[in-house]
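Structural features, examined
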Amino acid sequence: METTTTIKVLASQAWENLEPPLPSPGGTLHVIVDIDGTGKRAHLIKKHPQGINPKILLIEIVVEESSESLKNPQHLSYTEILESLHQYSEISVLFDGQLLAEIKKIRVVH
């Protein structure tokens, strides 16, 4: 199915939070993506299935077509409890099968 929806990533960042109390030995991953989108509510989800490299996290921007109109930019967030420190070396942000952004530096916050 072809789509005419256009989304532009304005900024993206990620960090591993190791500040106590830790939910797991790897801490918590936080991803923030600011988008200029369709005016419809969007959110981030983990892509299933993931790609062939387990060190690259794939997350998708999903637009809720039936939601109310929102002003741009939108501030999207994704959180995941990690099994180990540095579980991911980078993060790819996708929309409709297209790569929109890559986060190559994941900070560690103590």
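Below is a summary of the structure that appears in this document. Quick caveat: nothing in here was measured; it's all calculated off a predicted structure.

So, the pairing of strand 1 (residues 8-17)
Summarising the sheet, strand 1 and strand 2 (residues 28-36) pair through 9 bridges and their orientation is antiparallel. When the bridges of strand 2 are listed, Lys8 appears paired with Asp36. Pairing geometry for strand 1 and strand 8 (residues 106-109), over 4 bridges, is parallel. Bridge pairing links Glu16 to Val108 in strand 8.

Brief notes about the sheet that holds strand 8
As a general point, the strands of a sheet are linked pairwise by backbone hydrogen bonds and lie either parallel or antiparallel. Reading across the sheet, the 4 strands line up as 5-2-1-8 and stay open at both edges, with mixed pairing between neighbours. Looking at the sheet topology across the chains shown, the edges are occupied by strand 5 (74-81) and strand 8. If you compare each strand with its neighbour and ignore which way they point, the axes differ by 20 degrees on average.

Analysis parameters
Residues numbered from 1 in each chain as written. Predicted model: local features only at pLDDT ≥ 70, side-chain atom pairs only at ≥ 80, totals over all residues. Heavy atoms only, no water. Pairing = 2+ DSSP bridges. Helix = DSSP H or I, 4+ residues; strand = E, 2+ residues; numbered from the N terminus. Axes fitted to C-alpha atoms, helices over the stretch in contact; angles between N-to-C directions.

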